[in-house]
Amino acid sequence: MSEALLPVVRSVAELRQHVARWRDSGERIGLVPTMGALHQGHLALVAAAQARCQRVVVSIFVNPKQFGPQEDLTSYPRPEADDLAKLTQAGVDLAFIPPVDAMYPPGFATTVTVGGPSEGLCGAHRPGHFDGVATVVAKLLIQTAPDAAFFGEKDYQQLMVVQLMARDLNLPVEIVGVPTVREPDGLALSSRNVYLSAEERRLAPNLNRVLHEAAGEIARASLPAPILQRAISALSELGFAVEYLELRDATTLAPLLDTPSRPARLLAAIQLGRTRLIDNVPVTRM
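Our subject in this report is the structure included herewith. (Residues numbered from 1 in each chain as written. Predicted model: local features only at pLDDT ≥ 70, side-chain atom pairs only at ≥ 80, totals over all residues. Heavy atoms only, no water.)

## Examining helix α6 (residues 129–144)
Consideration 1: Taking 1.5 Å of rise per residue, 16 residues should cover 22 Å, and α6 covers 23 Å from first to last C-alpha, within 8% of that figure.
Consideration 2: α6 sits mainly inside the fold: 14 of its 16 residues count as buried.
Consideration 3: Within two residues after α6, A145 carries a phi angle of roughly 50°, on the positive side. (Helix = DSSP H or I, 4+ residues; strand = E, 2+ residues; numbered from the N terminus. Expected span 1.5 Å × (residues − 1). Buried < 20%, exposed > 50% of the residue type's maximum accessible area, 1.4 Å probe, protein only.)

Spelled out as structure tokens, the structure:
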């Protein structure tokens with residue numbers, strides 16, 4: 001299928017022209033924000049948007065404001081032609097690929113900060129990350145004015161931050177979480193998985209395995225702390241450098257010290273070689 005069948009716009013004015021025509025026709029619009037390097041996880045977001053909306057916009061923007069000084073901004077994969085081919089095949093209606101100066105023009109001085117769910121976890125290990133996420137997502141939601149926007153549950157803390165931001169700012173958009181897409185061996189799909197060596201790729205699925213085992217134990221136990229410590233030790237013995245492994249409320253992301261009586265989430269971030277992996281699983285009381 002020809003790439004030309006997929007309209008690509010690079011300015012906010014062009015984006016709004018397309019969206020205005022759809023809005024005038026009474027069509028429901030979905031937005032899938034991405035940083036490109038698309039995989040089946042992103043395409044699952046597209047499918048979820050297509051199931052609920054007549055028109056789907058996918059944005060591709062490697063957002064410099066959510067990368068720390070020592071992170072992989074310059075090396076982050078940017079295979080635009082391959083991404084557009086995948087979006088064309090998926091039947092996306094519009095790709096929005098703005099340059100950095102279209103999103104952050106000279107003199108840009110505004111930051112959106114969301115407390116609560118942004119605190120701790122990745123927020124503690126990546127200072128400023130969620131300010132960058134909240135700022136760019138707020139801009140994309142204002143620029144596109146979608147009826148719904150779709151985010152993967154793999155980045156669970158991000159999903160909670162975006163949901164709270166949209167609620168607190170009275171943005172007229174539904175924020176939809178889509179279940180994590182995994183490889184057959186359980187590894188959560190991520191654009192950063194390409195950084196894994198062959199041996200690291202063999203080890204990586206153990207993160208999800210250990211999380212599931214710990215979640216099952218926590219659901220049956222009274223004190224999660226020793227279970228979490230055993231899980232951290234198990235990951236360390238496998239060669240993972242554990243940044244965090246914590247039990248949190250599934251909505252507020254407040255820390256939980258006892259067996260949860262309401263929906264909870266077990267979240268982890270690890271370093272394996274030069275690759276940072278995150279994952280999370282629900283904890284259901286048995």
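Back to the text.
## Quick look at the sheet that holds strand β5 (residues 148–152)
In sheet architecture, strand pairing relies on hydrogen bonds along the backbone and comes in two forms, parallel and antiparallel.
Consideration 1: The strand order across the open sheet built from 6 strands is β1-β4-β3-β2-β5-β6, with neighbouring strands paired in parallel fashion. Each of the sheet's edge strands pairs with one partner strand only, and the pair in question is β1 (8–9) and β6 (174–178).
Consideration 2: One ladder, built from 2 bridges, connects strand β2 (residues 29–34) with β5; its direction is parallel. For G30, the partnering residue across the bridge sits in β5 and is A148. (Pairing = 2+ DSSP bridges.)

## Some thoughts on the pattern of salt bridges
Consideration 1: Applying the stated criterion across every chain yields a total of 20 salt bridges.
Consideration 2: Among the ionic pairs, R10 bridges to E80, the shortest N-O distance being 2.6 Å. Here R10 is found in the loop between β1 and α1 (12–24), whereas its partner E80 is found in helix α3 (residues 80–90), with 70 residues between them in sequence.
Consideration 3: By relative accessible area, which is 32% here, E80 ends up partly exposed.
Consideration 4: Put simply, D93 and R55 hold a salt bridge, and the shortest N to O gap is 3.2 Å. You can see D93 sitting in the loop between α3 and β4 (94–96) and its partner R55 sitting in strand β3 (residues 55–60), a full 38 residues away along the chain.
Consideration 5: A single salt-bridge network, built from bridges that share partners, covers E27, R55 and D93. (Salt bridge = Lys/Arg side-chain N within 4 Å of Asp/Glu carboxyl O.)

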